[in-house]
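# Coordinates in review
Here is how the chains run, residue by residue.
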Amino acid sequence: MADVKLYGLWASPYSQRIQMALNLKGVSYEWVEEDAQNKSEEILQYNPIYKKLPVLVHDGKPLPESLIILEYIEETWKNPPLLLPEDPYERSRIRFWANFFDQKVLTLIRPIYACQGEEQEKAIAEFVENVTMMEKEIVKDFPAGKPFFSGERPGFLDVVVGSASSAIKVTERLVGVKLVDQERAPIVHSWLVAFAELGVNKETMPDMERFFAMAVEKREKILASTTKN
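The structure presented is a predicted model; accordingly, all values stated were derived computationally and were not measured.

So, how was this worked out
- Residues numbered from 1 in each chain as written.
- Predicted model: local features only at pLDDT ≥ 70, side-chain atom pairs only at ≥ 80, totals over all residues.
- Heavy atoms only, no water.
- Helix = DSSP H or I, 4+ residues; strand = E, 2+ residues; numbered from the N terminus.
- Rg over C-alpha atoms; globule rule 2.2 N^0.38 Å.
- Buried < 20%, exposed > 50% of the residue type's maximum accessible area, 1.4 Å probe, protein only.
- Contact = heavy atoms within 4.5 Å.
- Areas by Shrake-Rupley, 256 points an atom, 1.4 Å probe, with all protein chains shown as cover.
- Lys, Arg positive; Asp, Glu negative; His and termini not counted.
- Charge placed at Lys NZ, Arg CZ, Asp CG, Glu CD.
- 1 Å grid on protein atoms, 1.4 Å probe; cavity = no way out; pocket = protein on both sides within 12 Å on 5 of 7 lines; lining within 4 Å.
- Points joined across faces, edges and corners; volume = space filled by probe spheres on them.
- Nonpolar A, V, L, I, M, F, W, Y, C, P; charged D, E, K, R; others polar.
- UniProt positions renumbered as here; feature names shortened; annotations may be inferred.
- Pairing = 2+ DSSP bridges.
- Axes fitted to C-alpha atoms, helices over the stretch in contact; angles between N-to-C directions.
- Parallel < 35°, antiparallel > 145°, perpendicular 65-115°, else oblique.
- Core = buried A, V, L, I, M, F, W, Y, C linked by side-chain atoms within 4.5 Å.

Tallying secondary structure elements over the protein chain gives 11 helices and four strands in all. The C-alpha atoms of the protein chain give 18 Å as radius of gyration, which agrees with the globular expectation for 229 residues (17 Å, within 12%). A buried classification covers 50% of the 229 residues belonging to the protein chain. Considering only intrachain contacts with a sequence separation of at least 6, the fraction spanning at least 24 residues in the protein chain is 68%. Surface summary for the protein chain: the accessible area is close to 11900 Å², and the carbon and sulfur share equals 51%. Averaging the positions of the 28 positive and the 35 negative side-chain charges in the protein chain gives two centres separated by 2 Å.

And the structure:
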């Protein structure tokens, strides 16, 4: 039995960020693919409160919630690359932006592809506004000429933002709207591109055609259900 198991979903950015962090740290782990609609008994046991994925199990001890798991990985495997800086203030800033991205950007993906009309337009406008806001603030700390917020190699915030690149691309294609525009948000745009092209992460990135087909099917089911109601 492996010392480290990761229960997750192949198309989930939350699961992908944990895979990426483990790969960056060189940690061997067993990947356990779950079914979002029919979660295993292990998940219901490991995460009885939220029953969500991903869940990291290290030496038999389960840990849910992706941002908490990332912190655990950093504190458990202290070998380079470091995901968080040593300075407490800088660590806090990164935690702030990671939480902002999850709460104010990534959560809007679903209403963008699962809604129509005014509701969808509102979600798109909010997504673009929040990405633009992040761009304006984070450019102050983004190292000039470097591909990642952490410099030459990705760190905590890079993993959080970069893991969403596939979901954002698929959603853009699905609804025909550019969510992260190169002119409006050049830093965030180049950030996503740099992370997607990083060799150590290519094995964890989902197949885009498979991802798109799944998204189309899911959207059609949601919209059909909404129409009936």
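As a further point, take the layout of surface pockets. The computed volume of the largest pocket comes to approximately 1500 Å³. Together, 40 residues line the largest pocket, and Leu-9, Ser-12, Pro-13, Tyr-14 and Lys-218 are the ones closest to its centre. In the lining of the largest pocket, the residues fall into 21 nonpolar, seven polar and 12 charged.

Right, let's talk about the UniProt feature "domain: GST C-terminal" (unreviewed entry) in the protein chain for a bit. Using the residue numbers shown here, the UniProt feature "domain: GST C-terminal" (unreviewed entry) corresponds to residues 87-216. Between the first and last C-alpha atoms of residues 87-216 the distance is 44 Å; the span itself is 67% helix and 0% strand.

The subject of this paragraph is the sheet that holds strand β4 (residues 61-64). The pairing of strands in a sheet comes from backbone hydrogen bonds and takes either a parallel or an antiparallel form. An order of β2-β1-β3-β4 is seen for the four strands of this open sheet, with the pairing classed as mixed. In this open sheet, the two strands that pair with only one neighbour each are β2 (30-33) and β4. Here the average twist between neighbouring strands, direction ignored, is 20°. The sheet contact formed by strand β1 (residues 4-8) and β2 spans four bridges and is parallel. If you follow Tyr-7 over to β2, its bridge partner there is Val-32. Each of β1, β2 and β3 (55-58) is contacted by helix α1 (residues 13-25), which is oriented at about 155° to β1, the strand it contacts most.

What follows is about helix α3 (residues 66-76). Listed in full, the buried residues belonging to α3 are Ser-66, Ile-69, Leu-70, Glu-71, Ile-73 and Glu-74. Contacts made by the buried residues of α3 are with α1, β3, β4, α4 (88-104) and α7 (156-162).

Across the interface, helix α6 (residues 117-138) lies against helix α9 (residues 186-196) with an axial gap of 8 Å and an inter-helix angle of 95°. Classified by the angle their axes make, α6 and α9 are roughly perpendicular. From α6, Val-131, Met-134, Glu-135 and Ile-138 reach across to α9, where they touch Pro-186, Ile-187, Val-188 and Trp-191. Looking at the contact of α6 with α9 residue by residue, the classes come out as seven nonpolar, no polar and one charged.

Residues of β3 alternate between two faces, with Val-55 and Val-57 on one and Leu-56 and His-58 on the opposite face, all of them buried. With four bridges connecting them, β1 and β3 associate as antiparallel partners. Bridge pairing in β3 links Tyr-7 to Val-55. The pairing of β3 with β4 spans four bridges and is classified as antiparallel. Within β4, the residue paired with Val-57 across the bridge is Pro-62. With antiparallel pairing between neighbouring strands as the criterion, β3 and β4 make up a hairpin whose turn holds two residues, including Asp-59 at a positive phi of roughly 55°.

A few words now on the nonpolar core. In terms of nonpolar packing, the biggest core is built from 66 residues, with Ile-73, Phe-127, Leu-157 and Trp-191 touching the most fellow members. Counting residues in hydrophobic clusters, the runner-up holds seven residues, among them Val-32, Leu-53, Val-55 and Val-57.

Bringing α9 into the picture now. With respect to burial, α9 is a largely interior element, eight of its 11 residues being buried. Among all positions of α9, only Ile-187, Val-188, His-189, Trp-191, Leu-192, Ala-194, Phe-195 and Ala-196 are buried. In this structure, the buried side of α9 is in contact with α1, α6, α7, α8 (165-175) and α10 (199-202).

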